[in-house]
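# Coordinate analysis (summary)
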Amino acid sequence: MSQDTAQPMPVSSSMPRNALVWFKRDLRLRDHQPLVHAAMFDACAGVYIIEPEWLACPEFDSQHLDFVLQSLLPLRTALAERGLPLLVRAGSTLPVLESLQREFHFTHLLSHEETGSGWTYQRDIAVARWCKAHQVQWQEWAQTGVVRRLQQRGGWAKRWQSFMDSPRLAAPKGFAGAALDISDLPTLKALGCSNCGINSPSRPIQAGGERAAWEVLNAFVQGGAMGYRRALSSPLTAETGCSRLSAHLAYGTVSMRCVHQSTEAAIAQTTERDLAFGLRGFAGRLRWHCHFMQKLEDEPAIEFQNFSRAYDGLREAHFNRDYFDAWCEGQTGYPMVDACMRSLRATGWLNFRMRAMLVSFASNHLWLHWRETGQFLARQFLDFEPGIHWSQMQMQSGTTGINTFRIYSPRKQAEDHDPQGVFINRWVPEFGTAAYPSPIVDERIAVKFAKDQLYGVRGTNEARASANTVQERHGSRKSGLPAQGRIKNTNQQRKPPKPRVTEPSPQLEMF
Ligand SMILES: Cc1cc2nc3c(=O)[nH]c(=O)nc-3n(C[C@H](O)[C@H](O)[C@H](O)COP(=O)(O)OP(=O)(O)OC[C@H]3O[C@@H](n4cnc5c(N)ncnc54)[C@H](O)[C@@H]3O)c2cc1C
């Protein structure tokens, strides 16, 4: 997001140069530009701020904080071994910076750029002003392929490729760390959050931390990606067949560049055609990750309003709280929808196609606006990443103005991806008994209503004009790059085997 970042301040050469590394969604040691830069300063320290604004925002869930705390614990140890104290402070960012300024006179604030929610955008504007007023130089670096102050979308994919191919950064061996006391990490309970966590029977979540991220990455590129494209669509196979790197990418326990380079290296090295085929499909999705984040970076308002304003007013007045509650509880009477929702609520993860079906059902069958359903889902997804999330919410709700309307039939999804009813039986054991509710809406009537409304808007001049603007600003371009990962040696140029089950077309997942 474009913001008023402080211009470099002249710092007197006699003054000690002290750096504060501000960790946000980059909880790692390797491939971390601010850390590499901090190693060159007279003294340095790190800080992670647990902001009350985050804990209070409607997208927050304690599983997010749990993942962060799990990631901070080993990171603090690793940094301490290299001489850098990593402080973890609870409070709003400006007061925390004020107090750190008193304790440790930092002249430079070093961080990665963040493409976050509205509140982080506003906070960053305030931090930039604070830095200017206090003669602190704030330096920020990109950590994904997202480009700040992008002038035009053309050529974006090539820039992405060149950033991802650039050398990754080794972890600094040592720092001139400031003599600051790092107290114990706060607990979830002390921060007022509980009822989740890796050890919690009520909600076991995926393990956080840099080591876990690399274990997941290595296992996937060294063999786990073998049947990736066949496993993607069914909730039965996706859980183990997808990479499961999303939460690690969202919190930066591994950098996108490292994931990309490990993937490319594995493609180049493997003699297994099926593995190379799976990895190429995966490599393409890494680019989509940044492609979607770029949309929010370029237009922060898409978190709150339709990409195409022609669709404003379509659903707002029709919000049915009973439908919403039934959808959230997995009690809609549509077993595939309910099984997906219950599984998501129990695990914090769901595969792409089933996420899309949940949203399509809420937005079309139940005619609920994507804002409130999106906030609810953001709390359920451990990997909540605002740029991907809000773009996908709108895409599956038909409000981008430039995508084909796709209304998923829960019945067809069950037939295609859970033909024996194994997934449904696991999550909705009462299905087929009197305890299970009847369908909350009549599918035929509900879908007809949704189509009439959406196509009614699409036919208007306003919608056509707005579609051109959205396409110009956000639509994907022909990049000149092969669609799904580059082919590096002749070994890889043999024809890939035909997938037995078709993977979702990129059109389904991307615009
Ligand atoms: C309504 C909706 C909301 C979503 N919200 C999020 C979100 O908050 N955070 C998030 O990371 N993903 C989100 N996704 C995209 C996708 O469902 C997840 O990235 C994927 O399921 C994560 O599992 P994985 O890491 O095993 O994926 P894999 O299939 O192994 O993919 C690898 C990585 O590629 C990226 N990726 C995969 N699919 C997509 C996609 N369609 N668009 C953009 N990037 C993609 C992700 O970074 C993912 O970790 C959403 C999808 C929908 C339909």
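Here is what the cut-offs are and how they apply
Residues numbered from 1 in each chain as written. Predicted model: local features only at pLDDT ≥ 70, side-chain atom pairs only at ≥ 80, totals over all residues. Heavy atoms only, no water. Axes fitted to C-alpha atoms, helices over the stretch in contact; angles between N-to-C directions. Helix = DSSP H or I, 4+ residues; strand = E, 2+ residues; numbered from the N terminus. Parallel < 35°, antiparallel > 145°, perpendicular 65-115°, else oblique. Left-handed = near helix turned anticlockwise from the far one by under 90°. Contact = heavy atoms within 4.5 Å. Nonpolar A, V, L, I, M, F, W, Y, C, P; charged D, E, K, R; others polar. Near = heavy atom within 4 Å. Polar contact = N/O pair within 3.5 Å; in protein donor to acceptor, adjacent residues only side chain to side chain. Areas by Shrake-Rupley, 256 points an atom, 1.4 Å probe, with all protein chains shown as cover. Core = buried A, V, L, I, M, F, W, Y, C linked by side-chain atoms within 4.5 Å. Buried < 20%, exposed > 50% of the residue type's maximum accessible area, 1.4 Å probe, protein only. Arc of directions from axis to C-beta. pLDDT = per-residue confidence, 0-100. Pairing = 2+ DSSP bridges.

Now for the packing of helix H15 (residues 352–365) against helix H18 (residues 410–417). H18 packs onto H15 with a crossing angle of 165° between their chain directions and a minimal axis gap of 11 Å. With respect to their mutual orientation, H15 and H18 come out roughly antiparallel. Once H15 is placed against H18, the crossing between them reads as left-handed. Residues Arg 353, Met 354, Met 357, Phe 361 and His 365 of H15 form the contact with H18, whose participating residues are Pro 410, Gln 413 and His 417. Taken together, the residues of the contact of H15 with H18 break down into 4 nonpolar, 3 polar and 1 charged.

What follows covers the site of the ligand. Taken together, the neighbourhood of the ligand is formed by 28 residues, with Tyr 228, Ser 243, Arg 244, His 289 and Glu 385 sitting nearest. Arg 285 is positioned with one of its backbone polar atoms (N or O) 3.5 Å from an oxygen atom of the ligand. Side-chain polar atom of Arg 355 to an oxygen atom of the ligand: 3.4 Å apart, as the coordinates give it. For the ligand, whose accessible area on its own is 830 Å², the fraction buried by protein is 99%. When residues of the shell around the ligand are traced back to their parent elements, those giving at least two are helix H10 (246–251), helix H12 (273–298), H15 and helix H17 (386–397). Ranked by residues supplied to the shell around the ligand, first place goes to H12 with 5 residues. Here the shell around the ligand is composed, by residue class, of 17 nonpolar, 5 polar and 6 charged.

We now examine the nonpolar core. Of all hydrophobic cores here, the largest spans 38 residues; its most connected members are Phe 23, Leu 35, Tyr 48, Trp 54, Leu 65, Leu 72 and Leu 79. Tallying contributions element by element places helix H3 (residues 62–81) first for this core, with 8 residues. Excluding residues within four positions of it along the chain, Trp 54 makes contact with Tyr 48, Phe 60, His 64, Leu 65, Val 68, Trp 119 and Tyr 251. One finds Val 337, Cys 340, Tyr 436 and Ala 446 within the second-largest nonpolar core, a separate group that totals 36 residues.

In an α-helix, one turn spans 3.6 residues; hence positions three or four apart end up facing the same way. Those residues of helix H6 (residues 156–165) not exposed but buried are Trp 156, Ala 157, Trp 160, Gln 161 and Met 164. Down the axis of H6, the buried set is contained in an arc of 140°. They therefore lie on one face. Turned more than 90 degrees away from the buried face of H6, the exposed residues are Lys 158 and Ser 162. Residues of H6 that are buried sit in contact with helix H11 (256–269) and H12.

Let's shift gears to the confidence of the model for the protein. Chain-level statistics for the protein give a pLDDT mean of 90 and a share of 89% at 70 or above. Note on residues 479–503: pLDDT under 50 across the span, and 51 contacts to partners over four residues away in sequence or across chains.

A few words now on the environment of Gly 83. Locating Gly 83 in the fold gives a position in the loop between H3 and strand S3 (86–90). If near-sequence neighbours (up to four positions away) are discounted, Gly 83 is found in contact with Phe 175 and Gly 177.

Turning next to unusual backbone geometry. Positive phi is not limited to glycine here, since Arg 149 has a value of about 55°. Structurally, Arg 149 is set in the loop between strand S5 (137–141) and H6. Arg 149 sits in the partly exposed class, given a relative accessible area of 43%. One non-glycine residue with positive phi stands out, namely Arg 244, at about 65°. Position of Arg 244 relative to the elements: it lies in the loop between helix H9 (235–241) and H10.

Right, let's get into the pairing of strand S4 (residues 108–112). Of all 5 residues in S4, 5 are buried; the element is thus mostly enclosed. Of the two faces of S4, the one carrying His 108, Leu 110 and His 112 and the one carrying Leu 109 and Ser 111 are both buried. In terms of strand pairing, strand S1 (residues 18–23) meets S4 through 3 bridges, oriented parallel. Paired with Leu 20 across the two strands is Leu 109, which belongs to S4. Inspection of the sheet shows S4 paired to S5 by 5 bridges, in the parallel sense.

Spatially, 5 strands are ordered S3-S2-S1-S4-S5 in an open sheet, and the strand pairing comes out parallel. Among the strands making up the open sheet, the edge pair consists of S3 and S5. Strand after strand, the sheet turns through a mean of 25° between neighbouring axes, direction not considered. Here strand S2 (residues 43–50) runs beside S3; their pairing, made up of 5 bridges, is parallel. Across the sheet, residue Gly 46 finds its bridge partner in S3, namely Leu 86. Of the strands in this sheet, S1, S2 and S3 are in contact with H3, which crosses S3 at around 150°.

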